[in-house]
Structure formats: structure tokens, C-alpha cells
Amino acid sequence: MNILAIETSCDETSASIIKDGKIEVSTVINSQMDIHKAYGGVVPEIASRHHVENITLVIEEVLEKSKMNIESIDAFAVTYGPGLIGSLLIGLEAAKTLSLIYNKPLIPVHHISGHIYANNLVGSLKFPLICLVISGGHTEILYMKDNYKYKILGSTLDDAVGEAYDKVARVLDFEYPGGPVVDKLSEKGVDSYVLPMPLDDDTYNFSFSGLKSAVINLINKERMKKNDIRKEDLCASFQNIIVKTLVKKTMRAVKQYKVKQLLLAGGVSANKQIRKTFEEECNKINIELLVPPIKYCTDNAAMIGCSAFYKKVKKNDYKINPKSVERLK
Ligand code: KG4
Ligand code: ZN
């Protein structure tokens, strides 16, 4: 089954053709990152306008690259939320139109479900499993007993991990998105700044805004005193605490729920130290770890095509609207 998937929830216009939920035929990602860098973050109106300009080009290009014609596509999948309304709308309307014209199924996919199924590009999901979702907008520990059976064990009470990374990076004058810059600099740094440990309790919830504020206050105080900030060391100290917190709670869930696999998902799972530490922790207790390929950790349509394959859709719903906030289902 060949699914043509579309993803436009934020600042990437992407289309992909995925066979049987796991084989990537081809993917095109048109990123607007360089445009939004000038503003220090994604500007929704600018993002929507660029999606309008790019959507047909990206769909044409993915068909060309795959040497397939649109008649050989079996279904159209698209991210319907959560995300920026104006951006989602462009992808959703494109997918609805294609589904109507070619009389093929329309599969609306939750963005986070897409991030989770990006793991299908590297292995097969084995249930029950635990998935740690870490992105710019989400931080959640999920339990899955089967495809599309999501149970949220805990989530962030305030900032998402990626958001904390980006906000700290912004105060350090790094370009957007700051997560990859902090990741890189922390490799050269030493964990030598004292920072508070976030929400260290027996729930599966997280809280990163206290840590983020502590780092920002520290930077401001040092600047006022005209002291140099050891950026590498500060990045290493901040990242170490993030990794410790994520690992502690996630590995507790893995043990408590006696799962077969641990999955990482979302943009922050591109982080080198996070990938390495989870690999070491999983090796210790003989648990299989799946992590998406680095280029498919951040937003892309390949993950949407993977997830769509497992979604049961009885009837095409052309009334479906984009959702800025949406529970995972
Ligand atoms: O999943 P994603 O592309 O978008 C959302 O659905 O939110 O995630 C983007 C987030 C940004 O906050 C970005 O800074 C972060 O992922 N990110 C990283 C790394 N690469 C991307 N954070 C830490 N280390 C990285 N290497
Ligand atoms: Zn995302």
C-alpha cells in the first residue's frame, strides 16, 4: 500500500511516499528554518504563506523522485493537528482535494503519532512499549499496548523540553532553533554550574520552566556583574540535568510496565547525549531501544505516512478541521 503523506504543521512543507507503513519510497522536506531565523522563532503568518507557495511543488517533486504517478497512490495522509492553524490548513486542504479528485482514502494523522511511528523506518514496534516524546511542543511518557493504543503516563506541567532548550539558547544569543546548538556546545563543556533538579518526584510528569528560569537568571546576573559566561559549560550543565531527569523517569516506567521496547520520538530525540545515554541504560537491562533516524526526528511527512498505515479510517471526513491543540489519538 502506497501512502502519499503531507506534513505542514509548523515550518516544514513536506511530502513523502511510504510503502506499507515502513518503507520510504521518497521524501521531500522544504524547510523555512532560515526564513524564521531572522525573527528568532516561527512567525505563523509567514509560515502559512510559504506553505501556500510550496505545497504543490513539494507534492510534484515527491512523485517525480519516486518515479510514480498519482494514480498509483492508494491513500492520502495528512497531519491535522496539533500545530499552527494556518499552516495545518494548507496541508489538510491539499490532501482533501487529492482524496476527492482521485477518490482515495483520506487519513488524518495526529502529529505526535507521526513522531512515534518515525521509528518504523528503523525497526518494528513490539508491544507493550514505552515511548518518550520530546519535541518543541510536547514532553510525554506514553504506554502503548498496541498500535494506536496510547496511554499518557505523564507529561510536562509547563515547558516542553525543546521549548526550554530554545528559550535558554535565545538568551545565550544562539540562532533558532537553539536545541541543536546547545547539543553541540555541551560536548565541549564541563558540567560545572549548579542548577536545580526539576520535579524529582514519583509521578511521570515533568517540569522544565524552573530549570529554564534558573539558567536565564544566572545568565542575566553574570551579565550584570560583567562576568564572562562559560557558554559550553552552561550548556553541558543544563543538558546534563535534562538528560538525568528524562532518563530517570522514563527508565522507571520501562521497568514498572515490563515492556519489550523503549521508543524515543520528536525533535529533541536528535540530541546526541540523549540518544547515547538511553542506549547505555537500555543495554544495562536488555531492553530494545528504537530511535528515529536523525533527519526524521524533526518534522517530516515520512513519519505521517508510517503512522497513517496503522490508522483505521471507515469513511473520508472532508469536514475535518485543523486543530491547534489536540489529544493524542
Ligand atoms: O519535533 P519538532 O521538529 O517540532 C515539534 O513538533 O515541536 O521539534 C523541534 C524541537 C526544537 O525545540 C529544537 O530545538 C529541538 O527539537 N531539537 C533539539 C535538537 N534537535 C532539535 N533539541 C536538543 N538537541 C538537539 N540535537
Ligand atoms: Zn514535531
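Residues numbered from 1 in each chain as written. Chains lettered and ligands numbered in written order. Predicted model: local features only at pLDDT ≥ 70, side-chain atom pairs only at ≥ 80, totals over all residues. Heavy atoms only, no water.

Peer 1: How do you make sense of the overall build of the protein when you look at a structure like this?
Peer 2: Regarding its fold elements, the protein presents 10 helices and 10 strands. Its C-alpha atoms give the protein a radius of gyration of 20 Å, within 12% of the compact-globule value 20 Å for 329 residues. The C-alpha extent of the protein, read off along each of the three principal axes, is 65 × 45 × 30 Å. Across the protein, the fraction of contacts at a sequence separation of at least 24, relative to all contacts at a separation of at least 6, is 74%. Carbon and sulfur atoms make up 53% of the accessible area of the protein, which totals about 14,700 Å². Side-chain charges in the protein split into 43 positive and 39 negative, and the spacing between the mean points of these groups amounts to 6 Å. (Helix = DSSP H or I, 4+ residues; strand = E, 2+ residues; numbered from the N terminus. Rg over C-alpha atoms; globule rule 2.2 N^0.38 Å. Contact = heavy atoms within 4.5 Å. Areas by Shrake-Rupley, 256 points an atom, 1.4 Å probe, with all protein chains shown as cover. Lys, Arg positive; Asp, Glu negative; His and termini not counted. Charge placed at Lys NZ, Arg CZ, Asp CG, Glu CD.)

Peer 1: Help me understand the sheet that holds strand 7 (residues 139-144), please; the structure alone is not making it clear to me.
Peer 2: Pairing within the open sheet is mixed, and its 5 strands lie in the order 8-7-6-9-10. In the strand order of this sheet, the two ends are held by strand 8 (150-155) and strand 10 (288-290), each with one partner. Ignoring strand direction, the axes of neighbouring strands in this sheet form an average angle of 20 degrees. Note: strand 6 (residues 129-134) against strand 9 (residues 261-265), 5 bridges, orientation parallel. Bridging from a neighbouring strand, Val133 pairs with Ala265 of strand 9. (Pairing = 2+ DSSP bridges. Axes fitted to C-alpha atoms, helices over the stretch in contact; angles between N-to-C directions.)

Peer 1: Just to check I follow, could you spell out the state of the cysteines for this structure?
Peer 2: Here, the word disulfide means a covalent bond between the sulfur atoms of two cysteines. Taken as a whole and assessed by the stated rule, the structure comprises 0 disulfides. No disulfide involves Cys10; its sulfur sits 16 Å from the nearest other cysteine sulfur, which is in Cys297. Not engaged in a disulfide, the cysteine Cys131 finds its nearest cysteine sulfur in Cys297; these two sulfurs lie 11 Å apart. (Disulfide = S-S within 2.5 Å.)

Peer 1: Can you walk me through the site of ligand 1 in this structure?
Peer 2: In the neighbourhood of ligand 1, 19 residues make up the surrounding shell, with His115, Gly136, Asp166, Asp183 and Gly267 lying closest. Within the side chain of His111, an N or O atom sits 3.1 Å from an oxygen atom of ligand 1. One nitrogen or oxygen atom from the main chain of Gly136 is found 2.8 Å from an oxygen atom belonging to ligand 1. For ligand 1, whose unbound accessible area comes to 550 Å², protein coverage reaches 88%. Elements that contribute at least two residues to the shell around ligand 1 include exactly helix 4 (111-117), helix 5 (161-171) and helix 6 (179-186). Residue composition of the shell around ligand 1, grouped by class: 5 nonpolar, 11 polar and 3 charged. Of the domains in this structure, domain 1 (2-117 + 297-309) and domain 2 (124-291) are the two that each give at least three residues to the shell around ligand 1. (Near = heavy atom within 4 Å. Polar contact = N/O pair within 3.5 Å; in protein donor to acceptor, adjacent residues only side chain to side chain. Nonpolar A, V, L, I, M, F, W, Y, C, P; charged D, E, K, R; others polar. Domains from an automatic or database assignment.)

Peer 1: Help me understand helix 5, please; the structure alone is not making it clear to me.
Peer 2: Side chains that are three or four residues apart share a direction in an α-helix, a result of its 3.6 residues per turn. Turning to helix 5, its buried residues are Val161, Gly162, Ala164, Tyr165, Val168, Ala169 and Val171. Buried-residue contacts for helix 5 involve strand 6, strand 7, helix 6, helix 7 (209-224) and helix 8 (231-256). Asp173, located one to two residues past helix 5, shows a positive phi value of around 65 degrees. (Buried < 20%, exposed > 50% of the residue type's maximum accessible area, 1.4 Å probe, protein only.)

Peer 1: Please clarify how the pairing of strand 5 (residues 106-110) should be interpreted in this entry.
Peer 2: Walk down a regular strand and you will see the side chains alternate between the two sheet faces. The buried fraction of strand 5 amounts to 5 of the 5 residues, a majority that puts the element mostly inside the structure. Here strand 5 shows no split at all, with Leu106, Pro108 and His110 on one side and Ile107 and Val109 on the other all buried. One crossover worth recording links strand 4 (residues 75-81) to the parallel strand 5 by way of helix 3 (residues 85-102), and it is right-handed. (Right-handed = clockwise from strand over helix to strand, strands pointing away.)

Peer 1: Explain the sheet that holds strand 4 to me, please; I cannot follow it from the model alone.
Peer 2: Hydrogen bonds along the backbone pair up the strands of a sheet, which may run parallel or antiparallel. A sheet is described by the order of its strands in space; here 5 strands give the open sequence 3-2-1-4-5, paired in mixed fashion. Sheet topology places strand 3 (23-31) and strand 5 at the edges, where each strand pairs with a single neighbour. With direction set aside, neighbouring strand axes in the sheet form an average angle of 20 degrees. With respect to the sheet, helix 2 (residues 44-66) is in contact with strand 1 (2-7), strand 2 (12-19) and strand 3, its orientation differing from that of strand 2 by roughly 25 degrees. On the sheet, helix 3 packs against strand 1, strand 4 and strand 5 and is oriented at approximately 155 degrees with respect to strand 4.

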